Amino acid sequence: MEIKNAVAGTLESGDILIQIGPAKPGDTGLAVDLESSVAAQFGKQIKELIAGTLKELGIENAVVKATDKGALDCTIRARVTAAAVRSTGKDVWK
Amino acid sequence: MRNSKLTSLEEAIRKSGLRDGMTISFHHHFRGGDKVVNMVVDCLAKMGFKDLHLAASSLSDVHAPLIQHIKNGVITKISTSGLRGELANEISHGLMKEPVIFRSHGGRGSAIACGELHIDVAFLGASSSDELGNACGYSRSENAKSICGSLGYALPDARYADHVVVITDDLVSYPNVPKSISAADVESVVVVDSVGDSSKISAGAIRDSKNPRDILLAKQAAKVVINSGYFQDGFSIQTGTGGASLAVVKYIRESMLEKGIKASFALGGITAHMVKLHEEGLIDRLIDVQSFDKVAAESIKNDPFHQEVSAVEYASGVHQGSAVHALDIVILSALEVDVNFNVNVLVGSDGIIRGAIGGHQDTAADSALSIIVCPLLRGRIPCVVPKVTTLITPGKSVDVVVTEYGIAVNPARPEVAEKLRAAGLKVVDINELAAKATSIIGTPDALPFGDKVVGIVYNRDGKVLDEIHNIVE
């Protein structure tokens, strides 16, 4: 699946900004870079959720930069899904 | 004039007999606009002092320059009610050898009065003073530069410190009465350009929260107050300054007008909201240890029934005449409440110090009914938790916790729970609230605390309640 650079979300409190792009040449897998106001307590959970959501959408190779301002799981899933749809052009909601 | 105490800051310090290792004190009535702490500590550093104990009534973001003076060994010990900003962040990461001592406002007042916290030299900023040291937190002269209102937290220092230096930006003719600090307690008077930026005491104007969750919480809290059994003619009340607490006053006011109920007094940090109710005749007297905005500061200057009190008169646990003993209802906020009703208002859920004990311990303990208002979650941060990060106010002092998911009542107060249920309010088990939070956000990982003790939390009776450890990144 072709991955283009795409963005979803905002930097508002309670939201998360997801920036997705193609994996670096030669790299495989999902590289999730997370900056979060709740990193100490929820960093692991959030990274797993981002990677898990992308895999469910069939994205196995990508670079993700996530800037989190304390978003809940439902918000994170929605933003990651929106970024993935914008990135791949494949509408998962139909 | 004869016997003038006017002198320079350096000369005042020299005259005070201050030596390395001694305790200096400050008040925080200018809050984020304070200029006295940094000015005096800069001067002490320049004069070569070391190993001083800084005992402030509180410290905030504006005191970040102290970091340098801690690194240089000028300040080696701190006692305060709270810490915020970069100074708090550095201390949380282990900046100081000695842990910071945290006391409530009432606890600090009684510790000073009882000699447990001995102050060698107090440096007290004032918005006006005469040459002998009659000083207060406002000025009636044309040259008035600053206003902070009540000097309540400075009064124990003025009375009990060995040596008192008043620092003012408006020297007025003798006698500067009515006064807060008496010339009888003052050794030196220093005139400077500015003691503080009054605009930073608060936002200044009454600002109603437009956050719909704050409004919901405020309405719920008002219903708790109104149906608690304590909402009767002549009741007394204290509130915090958060969005929700401020809004509570608005909804209680409506009910007071409707039912023809008036309050005998409002206590504590006084806000423009409280001044408004007082001026409308809904609150008979204001008892003010700290003016939270300019409106309150102006009111204390102009209204004889808006009374300044010292931290001891306000909230001491050992002085039975302190005002909190007469307080019916207090509405407080919290960073965290746990299933045993313990409250944390000092350490953030990232383990970093970001708040102040203030009068939380004092008012919760001595009021007839203490109500904590907090959302279940702030973003992903839970506010109702299995166990608080740091214990500040013991659960036995806390009666009701209001969240948007329901109202929890301390099992020790079944009669309050019964009244609230009868009024149709949603009373829930606090364990259910904690479980609800976990169901939304998952279970947080443990915070990366280290082995170093960076803070010690005292209860208002002088006993140690908890220790704060350094945070490792």
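Because the structure is a prediction, the values reported are computed rather than measured. (Residues numbered from 1 in each chain as written. Chains lettered and ligands numbered in written order. Predicted model: local features only at pLDDT ≥ 70, side-chain atom pairs only at ≥ 80, totals over all residues. Heavy atoms only, no water.)

Asks: Mind showing me how you'd approach the overall build of chain A here?
Replies: Helices and strands together make up the secondary structure of chain A, namely two helices and four strands. Shown N-terminal to C-terminal, the secondary structure of chain A runs as helices and strands in the order β-β-β-α-β-α. Once the C-alpha set of chain A is aligned to its principal axes, its extents read approximately 30 × 30 × 20 Å. Out of the 94 residues in chain A, the part that is buried amounts to 43%. Roughly 5100 Å² of accessible area belongs to chain A as shown, and the carbon and sulfur atoms make up 49% of that amount. Across chain A, the mean location of the 12 positive side-chain charges is 2 Å away from that of the 12 negative side-chain charges. (Helix = DSSP H or I, 4+ residues; strand = E, 2+ residues; numbered from the N terminus. Buried < 20%, exposed > 50% of the residue type's maximum accessible area, 1.4 Å probe, protein only. Areas by Shrake-Rupley, 256 points an atom, 1.4 Å probe, with all protein chains shown as cover. Lys, Arg positive; Asp, Glu negative; His and termini not counted. Charge placed at Lys NZ, Arg CZ, Asp CG, Glu CD.)

Asks: Could you clarify how one ought to interpret the domain arrangement of chain B in this entry?
Replies: Often, the extent of an interface is quoted as the loss of accessible area upon association of its parts. Residues and elements named next belong to chain B. According to the domain assignment, chain B consists of domain 1 (9-200) and domain 2 (212-446). Using only C-alpha atoms to locate each centre, domain 1 and domain 2 end up separated by 29 Å. On the domain 2 side, the residues contacting the 37 residues of domain 1 number 33 residues. Around 2600 Å² of area is buried between domain 1 and domain 2 when both sides are counted, 61% of it from carbon and sulfur atoms. Three residues, Ile-147, Ser-150 and Tyr-153, lead the burial of domain 1 against domain 2; their summed loss comes to 19% of the area buried on that side. At the boundary of domain 1 with domain 2, the tally comes to zero salt bridges. Along the contact surface separating domain 1 from domain 2 lie 18 residue pairs in polar contact (both at pLDDT 80 or more). (Domains from an automatic or database assignment. Contact = heavy atoms within 4.5 Å. Buried area = accessible area lost by both parts, 1.4 Å probe. Salt bridge = Lys/Arg side-chain N within 4 Å of Asp/Glu carboxyl O. Polar contact = N/O pair within 3.5 Å; in protein donor to acceptor, adjacent residues only side chain to side chain.)

Asks: Help me understand the interface of chain B and chain A, please; the structure alone is not making it clear to me.
Replies: On the side of chain A, 12 residues touch chain B, which itself brings 15 residues to the contact. Contact between chain B and chain A buries roughly 1100 Å² in total, counting both sides, with carbon and sulfur atoms accounting for 55%. Three residues stand out in chain B for area buried against chain A, namely Arg-380, Pro-444 and Asp-445 of chain B, and they jointly supply 53% of the buried area on that side. One can count one salt bridge joining chain B with chain A. Remark: the boundary between chain B and chain A carries six residue pairs in polar contact (both at pLDDT 80 or more).

Asks: Just to check I follow, could you spell out unusual backbone geometry for this structure?
Replies: Most peptide bonds are trans, and most residues other than glycine sit at a negative phi. All names here are of chain B. Residues Tyr-174 and Pro-175 are joined by a peptide bond in cis, for which omega reads 0 degrees. Within the secondary structure layout, Pro-175 lies in the loop between strand 9 (163-168) and strand 10 (188-191). Omega for the peptide link from Val-177 to Pro-178 comes to -5 degrees, which places this bond in the cis form. We note that Asp-51 has phi near 60 degrees; this positive angle belongs to a residue other than glycine. Inspection of the secondary structure puts Asp-51 in the loop between helix 2 (36-46) and strand 2 (52-56). If you check the backbone angles, Phe-341 has positive phi at about 70 degrees while not being a glycine. Mapping Phe-341 onto the fold places it in the loop between strand 16 (336-338) and strand 17 (343-344). Of the residues examined, Phe-341 reaches a relative accessible area of 3% and is grouped as buried.

Asks: Help me out: how do you make sense of the packing of helix 1 (residues 9-16) of chain B against helix 2 of chain B in this one?
Replies: How two helices pack is summed up by the angle between their axes together with the distance between the axes. Residue and element names in this part refer to chain B. As a packed pair, helix 1 and helix 2 sit with axes 10 Å apart at the nearest point and diverge in direction by 70 degrees. By the angle between their directions, the pair helix 1 and helix 2 is classed as roughly perpendicular. Judged by the twist between their axes, the crossing of helix 1 over helix 2 is right-handed. Counting all contacts with helix 1, which are made through Leu-9, Glu-10 and Ile-13, the residues of helix 2 involved are Met-39, Val-40, Cys-43, Leu-44 and Lys-46. Here the residues of the contact of helix 1 with helix 2 sort into six nonpolar, no polar and two charged. (Axes fitted to C-alpha atoms, helices over the stretch in contact; angles between N-to-C directions. Parallel < 35°, antiparallel > 145°, perpendicular 65-115°, else oblique. Left-handed = near helix turned anticlockwise from the far one by under 90°. Nonpolar A, V, L, I, M, F, W, Y, C, P; charged D, E, K, R; others polar.)

Asks: Explain the sheet that holds strand 9 of chain B to me, please; I cannot follow it from the model alone.
Replies: As a general point, the strands of a sheet are linked pairwise by backbone hydrogen bonds and lie either parallel or antiparallel. Residues and elements named next belong to chain B. Pairing is mixed in the open sheet, where nine strands are placed in the order 10-9-6-1-2-3-5-26-27. Every other strand in the sheet has two partners, leaving strand 10 and strand 27 (464-471) as the edge strands with one partner each. The average undirected angle you get between the axes of adjacent strands in this sheet is 25 degrees. By the bridge criterion, six bridges tie strand 26 (residues 449-458) to strand 27 in an arrangement that is antiparallel. Following the sheet pairing, Phe-449 is matched in strand 27 by Ile-471. (Pairing = 2+ DSSP bridges.)

Asks: What am I meant to see in the pairing of strand 24 (residues 406-409) of chain B here?
Replies: Looking along a regular strand, one sees the side chains alternate between the two faces of the sheet. Residues and elements named next belong to chain B. Judged by which residues are buried, strand 24 turns out to be covered on both faces: Gly-406 and Ala-408 on one side and Ile-407 and Val-409 on the other are all buried. Inspection of the sheet shows strand 23 (residues 400-403) paired to strand 24 by four bridges, in the antiparallel sense. In the sheet register, Val-402 faces strand 24, and the bridge partner there is Ile-407. Hairpin geometry of strand 23 and strand 24 is characterised by an intervening segment of two residues between the two adjacent antiparallel strands. In terms of strand pairing, strand 24 meets strand 25 (residues 427-428) through two bridges, oriented parallel. Note that in strand 25 the partner of Ala-408 across the bridge is Val-428.

Asks: What is the right way to look at the environment of Asp-15 of chain A in this model?
Replies: All names here are of chain A. Tracing the backbone shows Asp-15 in the loop between strand 1 (6-8) and strand 2 (16-21). Distance from Asp-15 to Asp-68, taken between C-alpha atoms, is 6.4 Å for residues 53 residues apart in sequence. Every residue in contact with Asp-15, bar those within four places of it in the chain, is listed here: Gly-9, Thr-10, Thr-67, Asp-68, Lys-69, Gly-70, Ala-71, Thr-75 and Arg-79. A polar contact of 2.7 Å, which involves the side chain of Asp-15, links it to the side chain of Thr-10.

Asks: What is the right way to look at the packing of aromatic side chains in this model?
Replies: Aromatic ring pairs are defined here through the distance separating the ring centres and the angle between the ring planes. Residues and elements named next belong to chain B. Counted by the stated rule, this structure contains two aromatic pairs over all chains. Plain terms: the ring middles of Phe-26 and Phe-123 are 5.8 Å apart, the flat faces sit at 20 degrees to each other, and that makes the pair stacked. Taken as a pair, Phe-26 in strand 1 (residues 23-26) and Phe-123 in strand 6 (residues 121-126) lie far apart in primary sequence, 97 residues in all. With respect to burial, Phe-26 and Phe-123 carry one shared label: buried. Taking the ring centre of Tyr-458 as reference, the NZ or CZ of Arg-103 above it sits at 5.2 Å. (Phe/Tyr/Trp six-rings, centres within 6.5 Å; stacked < 30°, edge-to-face > 60°. Lys NZ or Arg CZ within 6 Å of the ring centre and 35° of its normal.)

Asks: What is the right way to read the pattern of salt bridges from this model?
Replies: Close approach of charged atoms allows side chains with opposite charge to pair. Residue and element names in this part refer to chain A. A complete count under the given rule lists 19 salt bridges over all chains for this structure. A salt bridge links Glu-35 to Lys-65; the nearest nitrogen and oxygen atoms lie 3.4 Å apart. Separated by 30 residues along the polypeptide, Glu-35 in strand 3 (residues 30-36) and Lys-65 in strand 4 (residues 62-68) bring together distant segments of the chain. Each of Asp-33, Glu-35 and Lys-65 takes part in one network of salt bridges that share partners.

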